[in-house]
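# A structural walkthrough
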2 protein chains.
Amino acid sequence: MSLEVISKIRSHGGTQGVYKHASSATGTDMEFSVFVPDHAAGATLPVVIYLSGLTCSQANVTEKGEYRAACAALGLIFVAPDTSPRGADVPDDAEGAYDFGLGAGFYVNATEAPFGQHYNMRDYIERELHALIGADFPADISRVAIMGHSMGGHGALTIALRNRDQYKSVSAFAPIVSPLNCPWGEKALSGYLGADRAAWRTYDACALIEDGARVADILVDQGTGDNFLETQLKPDLLAAACAAADQPVTLRMQEGYDHSYYFISTFMAEHLEWHAARLRV
Amino acid sequence: MSLEVISKIRSHGGTQGVYKHASSATGTDMEFSVFVPDHAAGATLPVVIYLSGLTCSQANVTEKGEYRAACAALGLIFVAPDTSPRGADVPDDAEGAYDFGLGAGFYVNATEAPFGQHYNMRDYIERELHALIGADFPADISRVAIMGHSMGGHGALTIALRNRDQYKSVSAFAPIVSPLNCPWGEKALSGYLGADRAAWRTYDACALIEDGARVADILVDQGTGDNFLETQLKPDLLAAACAAADQPVTLRMQEGYDHSYYFISTFMAEHLEWHAARLRV
């Protein structure tokens, strides 16, 4: 694969890069950011993949996520992909809404026309980006963690539950825990996957756990001041699914915190420390 | 003074606010941000004023500065004002350039028409904002530090040198150290103050030191990969002025770092620790 360097900037004792490549999974160019701490020549470092939420690109967490100091201290590579394919020929929401189409790929392989051609974010994250990070960066691809925010928390949980061997740990900030049971999920999964809700279950963290998928443990932080808490996020559904299935989960309700990067950045270092312990850095 | 709350968001164990008020110094509304760590009822905390660079508002450092974790740990209030007056009746650069007018107030009291009416950022920072922070926030206004970036580093150095009793410590990231000796400074000070360069000296850190102003010590971080290093910033001029005047200064050249918030955020916590020690937290 050939990577185009958009920018490489020195920060926090490492290099913050932004890259572009032609993606076979999406049939478009895709951008992502990677922070690589300084390291000994020839060394490889464990990797944390961060999946962003609705409306975001890689830029939001890259600018506001406050992850570089902790990644440098812990020796972690931090990878932030985009949230959807983009380009002139990529179909968007019919009304240009923020919660479907561009910036809202929901980390699925779409099956419904006209989205199936480009909206293959599941394959992009699980296969293509994974291989690319292993090939083009000083990454120990046997030690990879995944985390995300909101729609990206949904992505991280579902991808980890479907690929237990590929990800050593998983965490989320304010995740959509059950697209089957919230307006964002109903709109996105019906649009990308069609009306058969049975096909949605592999893209629903709670349904995956009910259907037998497991990970070693899960860390979730959720702000009590989050405007989407009761209508969209519903962490109680995850807690109930985990309790019924003996799936270990740590759900921390954070008093007064909202849905923004002011919340995410507050707990970013703790999540990275949690992953580092499980990646045996 | 009556403060309008634009937003108050929980972050890093404190409250990140953005506020607006009618300024008597500038004759406009002015916005600024304040981070207040959680603290005991009735307690007051020392304050760090952060002055931003060309093109910035309070938002750049508030979103990208990575100061909240350190301020919460050290018990520091962090205040970020705007870089110029703004509004429909505030004159801008004739060609709308980024380095004069809106977003480029240079922390002076302008004397040249039509800028003198609104461009009084010196009085705004030294007098009005200072009093406002003391009156409306849990601030110990006897313990205030000042720092800044680029044009804001120029502001911090010159304001501290002119007001040694008001600021316990001063530091800067990639400051403009001598507006008398760089294109940004020549354009701005001739536009705001007129052709008499003698009037510029009170707005030039090197000239102030040459003319006898002193502070206890100065901390400056400067990236060696900064595009503006040789043409605009010229830290050697500050080093020479300090050496000639026995003014203590710590100038750290940071290998490979640029002029952006990727640089600032890297060394923000160290600057805050340096200020905290001098504020005797």
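Scroll up a little and you will see the structure.
The text that follows walks through the structure, step by step, so that each part is easy to find. Keep in mind the model is a prediction, meaning the values are calculated, not measured. (Residues numbered from 1 in each chain as written. Chains lettered and ligands numbered in written order. Predicted model: local features only at pLDDT ≥ 70, side-chain atom pairs only at ≥ 80, totals over all residues. Heavy atoms only, no water.)

To continue, consider the overall build of chain A. A count of helices and strands for chain A gives nine helices and nine strands. Relative to the compact-globule value of 19 Å for 281 residues, chain A shows a C-alpha radius of gyration of 17 Å, a close match. Each principal axis of the C-alpha distribution contributes one length, and for chain A these read about 50 × 40 × 35 Å. Counting contacts in chain A only where the partners sit at least 6 residues apart, residues at least 24 apart contribute 72% of the total. (Helix = DSSP H or I, 4+ residues; strand = E, 2+ residues; numbered from the N terminus. Rg over C-alpha atoms; globule rule 2.2 N^0.38 Å. Contact = heavy atoms within 4.5 Å.)

Contacts between the two partners involve 19 residues from chain B and, on the opposite side, 19 residues from chain A. Here chain B and chain A share an interface that buries about 1,800 Å² over both sides, 50% of which is from carbon and sulfur atoms. Of all residues in chain B, Arg 10, Glu 66 and Tyr 262 of chain B give up the largest surface area on contact with chain A, accounting jointly for 37% of the area buried on that side. Where chain B packs against chain A, one counts two salt bridges. For Arg 68 of chain B, the salt bridge is made with Glu 66 of chain A, and the minimal N-O distance between the two is 3.6 Å. (Buried area = accessible area lost by both parts, 1.4 Å probe. Salt bridge = Lys/Arg side-chain N within 4 Å of Asp/Glu carboxyl O.)

Strand pairing in a sheet is mediated by backbone hydrogen bonds. Such pairs are either parallel or antiparallel. A sheet is described by the order of its strands in space; here nine strands give the open sequence β1-β2-β3-β5-β4-β6-β7-β8-β9 (chain B), paired in mixed fashion. Looking at which strands have only one partner, the edges of the open sheet turn out to be β1 (4–11) and β9 (249–254) of chain B. Each neighbouring strand pair of the sheet contributes to a mean axis angle of 20°, computed without reference to strand direction. Relative to β9 of chain B, strand β8 (residues 218–223) of chain B is paired through six bridges, and the arrangement is parallel. Its bridge partner being in β9 of chain B, Val 220 of chain B is matched across the sheet by Leu 251 of chain B. Contacts from helix α9 (residues 261–278) of chain A reach β1 and β2 (14–22) of chain B within the one sheet, and its direction differs from that of β1 of chain B by about 30°. Against the sheet, helix α3 (residues 121–136) of chain B makes contact with β2, β3 (29–37), β4 (45–51), β5 (77–81) and β6 (139–149) of chain B, and its axis sits at roughly 45° relative to β3 of chain B, the strand it touches most. (Pairing = 2+ DSSP bridges. Axes fitted to C-alpha atoms, helices over the stretch in contact; angles between N-to-C directions.)

With that settled, the discussion passes to the relation of the copies chain B and chain A. Superposition record for chain B on chain A: RMSD 0.0 Å, screw rotation 180°, translation along axis 0.0 Å. Here the symmetry operator amounts to a two-fold rotation axis. Considering only C-alpha atoms, the residue of chain B closest to the rotation axis is Lys 64 of chain B, which sits at 2.7 Å. Interface overlap between copies: 100% of the residues of chain B at the interface are likewise at the interface in chain A, consistent with a symmetric, same-surface contact. (Least-squares fit on C-alpha atoms with pLDDT ≥ 70 in both.)

Residue and element names in this part refer to chain A. Strand order in the open sheet made by the nine strands is β1-β2-β3-β5-β4-β6-β7-β8-β9, with mixed pairing throughout. Two strands in the sheet have a free side with no partner beyond their single neighbour: β1 (4–11) and β9 (249–254). With strand direction ignored, the average angle separating the axes of adjacent strands in the sheet is 20°. In terms of strand pairing, β1 meets strand β2 (residues 14–22) through seven bridges, oriented antiparallel. When the bridges of β2 are listed, Arg 10 appears paired with Thr 15. Where helix α4 (residues 151–162) meets the sheet, it contacts β4 (45–51), β6 (139–149), β7 (169–173) and β8 (218–223), and its direction lies at approximately 135° from that of β6.

Residue and element names in this part refer to chain B. For β4, the tally of buried residues reaches seven of seven residues, placing the bulk of the element in the interior. In this structure, β4 lies alongside β6, joined through six bridges in parallel fashion. Counted as the bridge partner of Ile 49 is Ile 146 from β6. Two elements, β4 and β5, share three bridges in a ladder whose sense is parallel. (Buried < 20%, exposed > 50% of the residue type's maximum accessible area, 1.4 Å probe, protein only.)

Over its 12 residues, α4 of chain A extends 17 Å from the first C-alpha to the last, a length consistent with the 16 Å expected when each residue adds 1.5 Å. Across the 12 residues of α4 of chain A, 12 count as buried, placing the element largely inside the fold. (Expected span 1.5 Å × (residues − 1).)

Residues and elements named next belong to chain B. Count of turn residues in the β1/β2 antiparallel hairpin: two residues, of which His 12 carries a positive phi of about 50°. Sheet analysis places β2 next to β3, joined by nine bridges and oriented antiparallel. Paired with Lys 20 across the bridge in β3 is Glu 31.

Now for the pattern of salt bridges. Summed over all chains, the structure comprises 30 salt bridges over all chains. One salt bridge in this structure joins Glu 210 of chain B and Arg 201 of chain B, with 3.1 Å as the shortest N-O distance. By relative accessible area, which is 55% here, Glu 210 of chain B ends up exposed. One network of salt bridges, in which partners are shared, links Arg 122, Glu 126, Arg 127 and Arg 162 of chain A.

Attention shifts here to the environment of Cys 182 of chain A. All names here are of chain A. Relative to the helices and strands, Cys 182 is located in the loop between β7 and α5 (183–193). Along the chain, Cys 182 and Met 268 lie 86 residues apart, while their C-alpha atoms are 26 Å from each other. Setting aside anything within four residues of it in sequence, one finds Cys 182 in contact with Ile 176, Thr 231, Gln 232 and Lys 234.

Bringing the packing of aromatic side chains into the picture now. One pass over the structure, following the stated rule, counts 34 aromatic pairs over all chains. Between Tyr 257 of chain B and Phe 263 of chain B the ring centres are 6.2 Å apart and the planes differ by 50°, which places this aromatic pair in the tilted class. Each member of the pair, Tyr 257 of chain B as well as Phe 263 of chain B, is classed as buried. Through pairs of rings, three or more aromatic residues link up here, namely Phe 35, Tyr 50, Tyr 67 and Phe 78 of chain A. (Phe/Tyr/Trp six-rings, centres within 6.5 Å; stacked < 30°, edge-to-face > 60°.)

Now for the environment of Leu 272 of chain B. Residues and elements named next belong to chain B. Locating Leu 272 in the fold gives a position in helix α9 (residues 261–278). Placed 198 residues apart in sequence, Leu 272 and Leu 74 show a C-alpha to C-alpha distance of 8.0 Å. Apart from the residues within four sequence positions on either side, Leu 272 is in contact with Val 48, Tyr 67, Ala 70, Cys 71, Leu 74, Leu 76, Phe 78 and Met 147.

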